[in-house]
Amino acid sequence: MSQNELCESYPLWKRVLFSDLMLSKSKAQKIAYVGVLAALNIVANMFLEVKFFDTQFSVTIFLALLTGLLIGPLFGFAAVFLGDFVGYVCNSWGYLYMPWVGLSSATFALLAGLIVNGVRIGGKGGIYLKLAIVCVLSFFVCTVAINSTGFYFYNKAAGFSTAIIDYVASRFGGDVTYFGYVCYRLLFKGQIFNSLFNYALIFAAVPLLNAVRPLRLNIR
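Residues numbered from 1 in each chain as written. Predicted model: local features only at pLDDT ≥ 70, side-chain atom pairs only at ≥ 80, totals over all residues. Heavy atoms only, no water.

### Remarks on the packing of aromatic side chains
In this structure the tally under the stated criterion is 17 aromatic pairs. For the pair Phe-77 and Phe-81, a centre-to-centre distance of 6.4 Å together with 5° between the ring planes defines the contact as stacked. Here Phe-77 and its partner Phe-81 are both found in helix α6 (residues 73–90), 4 residues apart, which amounts to about one turn of the helix. Owing to a relative accessible area of 23%, Phe-77 belongs among the partly exposed residues under this scheme. Under the relative-accessibility criterion, Phe-81 is labelled partly exposed at 30%. (Phe/Tyr/Trp six-rings, centres within 6.5 Å; stacked < 30°, edge-to-face > 60°. Helix = DSSP H or I, 4+ residues; strand = E, 2+ residues; numbered from the N terminus. Buried < 20%, exposed > 50% of the residue type's maximum accessible area, 1.4 Å probe, protein only.)

### Overview of the side chain of Lys-30
With respect to the helices, strands and loops of the structure, Lys-30 is situated in helix α4 (residues 27–46). Beyond its immediate stretch of four places on either side in the chain, Lys-30 contacts Phe-18, Met-22, Leu-23 and Lys-25. (Contact = heavy atoms within 4.5 Å.)

### Quick notes on helix α9 (residues 162–171)
Within an α-helix, residues lying three or four positions from one another point in the same direction, as the helix has 3.6 residues per turn. Among the residues of α9, Ile-164, Tyr-167 and Val-168 are the ones counted as buried. For α9, the angular spread of the buried residues around the axis is 90°, confining them to a single face. More than 90 degrees from the buried face of α9, the exposed residues found are Thr-162 and Ser-170. Taken together, the buried residues of α9 touch α8 (126–158) and α10 (178–188). The positive-phi residue at the C-terminal boundary of α9 is Gly-173, with phi of around 75°. (Arc of directions from axis to C-beta.)

Function cannot be read off these values alone, since they describe shape.
Right, here's the structure in full:
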């Protein structure tokens, strides 16, 4: 029986919990993978952020996608959400806890695990087509629909800053709308560039993963 056939022989609930890579591992190995990736997400949320002009770059999206690829949809979701929460507890940077940030990051892992491990696309370039689907879908679901929406309502309740009001007024006129705020966050604050940076990292990482036997992705 091939590795793909072996993975498909597992019940659906196991394949939703774990990636194909994890299904072939022992319980101890599964725990180790989940623990290590959760720890990496904690470190990323605590320290791995760099501000360049008005754009804040981090590798949290990359690590969330990587977590979903390696350990699967639901355990990937849990590891990333835990990493975001523990990272905040250890180093909050003086900000309030914003649960939609952790939800957005964890959903990156969920989508990566579901699409890359669950969708069949044949051929050598199949994995990259899957990654492209993950990137486009996660951008609109995670970055826009969850993260930006959460920050929009938070800023609306707290009162929009002068920078947001001036940006929207100069480009669209009138009060700050949801569309205007999303444009401000993605374009003026540069979050779209941070997303592209992280997506480029995950595309570059896949060949490296497949070159390391313990991390080799079993892609159908």
